[in-house]
Amino acid sequence: MKRRNFLVAAGAAFVAGCNRIAESKAGKSLLDAAEGWHQGAQRLLTGRRALAPEYPKSAISPFFRGNGSTDPQNGDYPRHVEEGFANWRLEVRGLVDHPLSLSLENIRKLPQRSQITRHDCVEGWSAIGEWTGPQLAVLLEAAGLKPEAKFVVFRCADEYKGGRYYESVDIEDAFHPQTIVAHSLNGEPLPVRNGAPLRMRIERQLGYKHAKYLTAIEAVASLDEIGEGQGGYWEDRAGYQWYAGI
Amino acid sequence: MKRHALSTRVWHWLNLVCVVVLFMSGLTISNAHRRLYWGDWGFSAEQAWLAVPRFPDWITIPGYYSLAVARDWHILMAWPFALGLAFMWIAMLANRHFARDIATSREEWRPAAVWHDVVEHLKLHFEHEGSKYNFLQKLAYGLVLGVFLPMMVLTGMSISPGMEPTLGWLVELFGGRQSARSLHFIFAFAIAGFFVVHVLLVLLSGPVHQIRDMITGGRAQ
């Protein structure tokens, strides 16, 4: 029993030491830097336009799990569900020459991309589904992205645990061929659970980047003034890494 | 001539810190989704081959449930872990530590020789003439250095969605991302198992002298 107490005490001291490092200024910047090293290494090894794997139809999961918000009740969202999203608008705004406001019909008429990809949640699970929608690049080109834009912010309709969801990516991921604004899952309009009527697909990153219930796409020069400045809902709230390719 | 080369000693202690932090933060990551699957996908109990127990907070980093902080530690320590392992392999091939002390000869694999070694271990007789390590030690160190530790790096990279456009073939070789995740878990516990036996045998074979030699290098016998 004494030996076990010793082990527990030694473990606790080790964890306390780790936490002290993590809370120190140097420790914090080291932990942040590691995220940057991974992003740098991955970008070095992987082509800008290299694709995440796409699967045959037979690989599609029989059910696509929803996570986070799965049935938003805040604001106008329940009304939009009742209306079948007939009055939903997607804005493209911020550092663009011609801001856009698009209906779902406008979006369905754009050139479409369908991709059967695997969704990897930060928690560890995966599901495979077929997503359809226009490439984000098409929208950004139509709006005329200004050269000073460095990030694209995704604004969402859902409030989750008292905060409005949002996410962001850099220009490289925004223009990746598999980055699409999806309106369909497995050939059907998106279920509410999975982000109806529009959600992002950022296929080379973890699930929390794939903003659901999309209301606006905003080009910005910096993320400092958006939300609490960390680039996304979970980044602000829980300290998740902004680069979610790891 | 030292009993342990400087490169071996530096790597040994660096790797200890890496493995402990990676393992304990990994337990928090496991707590975030306590099921393991084979194949490309899986998200519910029906697909799982293993329901993993919840690891108590006191054996995890950061000591309370925070997936974000655990991931921070995990992706930081992955760097010295992977680069250190590469360094150790280069060093032990260059200084012949591998060829001299770890590589086994065909003779050592004879059943009678293996059995003799097992019996000697069970009797806690650790003295052996000729080579530095006996057969079971060589086998254990060879497996850890050659299979368990490299598999952690390879399966870890396979779980990263950002690596998959480049390493898709590796993910496929493991049987899909969820298989790679399962293997990551299995090899983590294989290393934990080695750790327990390793520490136990050090305690049984003169811990002061063993630990001192792994710090100072000791003297070759």
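Residues numbered from 1 in each chain as written. Chains lettered and ligands numbered in written order. Predicted model: local features only at pLDDT ≥ 70, side-chain atom pairs only at ≥ 80, totals over all residues.

An unreviewed UniProt entry annotates chain B as Cytochrome b/b6 domain-containing protein of Qipengyuania mesophila. In the Sequence similarities (unreviewed entry) part of its UniProt record, chain B is described as follows: "Belongs to the HupC/HyaC/HydC family." (UniProt positions renumbered as here; feature names shortened; annotations may be inferred.)

As recorded in an unreviewed UniProt entry, chain A goes by the name Molybdopterin-dependent oxidoreductase, listed as coming from Qipengyuania mesophila.

Trainee: With reference to specific residues and values, describe the interface of chain A and chain B.
Mentor: Each partner contributes residues to the interface: chain A has 41 residues there, and chain B has 32 residues. Elements represented by at least two residues in the side of chain A that touches chain B include exactly helix 1 (2–23), helix 2 (25–45), strand 3 (113–120) and strand 4 (126–133) of chain A. With 8 residues, helix 2 of chain A is the single largest residue contributor to the side of chain A that touches chain B. Of the residues belonging to the side of chain A that touches chain B, the class tally is 23 nonpolar, 12 polar and 6 charged. (Contact = placed C-beta atoms within 7 Å. Helix = DSSP H or I, 4+ residues; strand = E, 2+ residues; numbered from the N terminus. Nonpolar A, V, L, I, M, F, W, Y, C, P; charged D, E, K, R; others polar.)

Trainee: If you had to explain the domain arrangement of chain A to someone new, which residues and values would you point to?
Mentor: When the domains of chain A are assigned, the result is domain 1 (1–45) and domain 2 (52–238). When each unit is reduced to the centre of its C-alpha atoms, the spacing between domain 1 of chain A and domain 2 of chain A is 33 Å. (Domains from an automatic or database assignment.)

Trainee: Describe the UniProt feature "transmembrane region" (unreviewed entry) in chain B, and please don't skip the residues or the numbers.
Mentor: Residue and element names in this part refer to chain B. Summarizing the sequence annotation, UniProt attributes the feature "transmembrane region" (unreviewed entry) to residues 12–32, 73–94, 139–163 and 183–204 in the numbering used throughout. The annotated region residues 73–94 carries 100% helix and 0% strand content, and the separation between its end C-alpha atoms amounts to 32 Å. End C-alpha atoms of residues 183–204 are separated by 31 Å, and the span's content is 100% helix alongside 0% strand.

Trainee: How would you summarise unusual backbone geometry if you had to cite specific residues and measurements?
Mentor: Between Ala196(A) and the following residue, Pro197(A), the backbone shows a cis peptide bond with an omega angle of 0°. Tracing the backbone through its elements, the reader meets Pro197(A) in the loop between strand 9 (188–189) and strand 10 (199–201). A positive phi angle is found at Asn186(A), which is not glycine, with a value near 55°. Notably, Leu124(B) is not glycine yet its phi reads approximately 60°, a positive angle. Secondary-structure assignment places Leu124(B) in the loop between helix 4 (111–122) and helix 5 (135–159).

Trainee: Explain the sheet that holds strand 1 (residues 90–94) of chain A to me, and be specific about the residues and the numbers.
Mentor: Residue and element names in this part refer to chain A. Strand order across the open sheet formed by 5 strands is 2-1-11-5-6, with mixed pairing between neighbours. Since the sheet does not close on itself, it has two edges, and those belong to strand 2 (100–102) and strand 6 (163–170), each with one partner. Neighbour-to-neighbour, the strand axes of the sheet open up by a mean angle of 20°, direction not taken into account. Here strand 1 runs beside strand 11 (residues 214–220); their pairing, made up of 4 bridges, is parallel. For Arg93, the partnering residue across the bridge sits in strand 11 and is Glu218. (Pairing = 2+ DSSP bridges. Axes fitted to C-alpha atoms, helices over the stretch in contact; angles between N-to-C directions.)

Trainee: Outline the packing of helix 2 of chain A against helix 2 (residues 67–94) of chain B, supporting the account with residue identities and numerical values.
Mentor: In contact at an axis separation of 9 Å, helix 2 of chain A and helix 2 of chain B are set at 65° when each is read in the N-to-C sense. Taken together, helix 2 of chain A and helix 2 of chain B sit at an angle that is classed as roughly perpendicular. Regarding helix 2 of chain A and helix 2 of chain B, the two cross each other, and that crossing is left-handed. Contact with helix 2 of chain A, carried on its side by Leu30(A), Leu31(A), Ala34(A), Glu35(A), Trp37(A) and His38(A), involves Asp72(B), Ile75(B), Leu76(B) and Trp79(B) of helix 2 of chain B and no other residues of that element. The residue makeup of the contact of helix 2 of chain A with helix 2 of chain B, split by class, is 7 nonpolar, 1 polar and 2 charged. (Parallel < 35°, antiparallel > 145°, perpendicular 65-115°, else oblique. Left-handed = near helix turned anticlockwise from the far one by under 90°.)

Trainee: Please set out the UniProt feature "domain: Oxidoreductase molybdopterin-binding" (unreviewed entry) in chain A residue by residue, giving values where relevant.
Mentor: The UniProt feature table records "domain: Oxidoreductase molybdopterin-binding" (unreviewed entry) at residues 85–220 of chain A. In the segment residues 85–220 of chain A, helix accounts for 13% and strand for 43%; the C-alpha atoms at its two ends are 27 Å apart.

Trainee: An account of the nonpolar core is requested, with residue identities and associated values reported.
Mentor: By size, the foremost hydrophobic cluster in this structure holds 84 residues, and its most contacted members are Val181(A) and Leu214(A). It is helix 2 of chain B that provides the largest number of residues to this core, a total of 9 residues. Three or more residues apiece are contributed to this core by two domains, here domain 1 (1–45) and domain 2 (52–238) of chain A. (Core = buried A, V, L, I, M, F, W, Y, C linked by C-beta atoms within 7 Å. Buried ≥ 20, exposed ≤ 12 C-beta atoms within 10 Å, placed from the backbone.)

Trainee: Kindly report on the environment of Pro177(A), identifying the contributing residues and their values.
Mentor: Residue placement: Pro177(A) occurs in the loop between helix 6 (171–174) and strand 7 (180–182). Between the C-alpha atoms of Pro177(A) and Leu51(A), which are 126 residues apart in sequence, the distance is 7.7 Å.

Trainee: Residue-level account of the pairing of strand 1 of chain A, with values.
Mentor: All names here are of chain A. Pairing of strand 1 with strand 2 involves 3 bridges; the strand directions are antiparallel. Counterpart to Leu90 in the pairing with strand 2 is Leu102. Hairpin connection between strand 1 and strand 2: a loop of 5 residues separates the two successive antiparallel strands.

Trainee: Tell me about the pairing of strand 5 (residues 151–160) of chain A, residues and numbers included.
Mentor: All names here are of chain A. Extensive coverage of strand 5 is indicated by the burial of 8 of its 10 residues. Joining the antiparallel neighbours strand 5 and strand 6 is a turn of 2 residues, in which Lys161 adopts a positive phi near 45°. By the bridge criterion, 6 bridges tie strand 5 to strand 11 in an arrangement that is antiparallel. The residue bridging Val152 from the neighbouring strand is Ala219, located in strand 11.

Trainee: Let's hear about the sheet that holds strand 9 of chain A: which residues, and what values?
Mentor: Strand order across the open sheet formed by 4 strands is 3-4-8-9 (chain A), with antiparallel pairing between neighbours. The sheet is open, and its two borders are formed by strand 3 and strand 9 of chain A, each paired with just one other strand.

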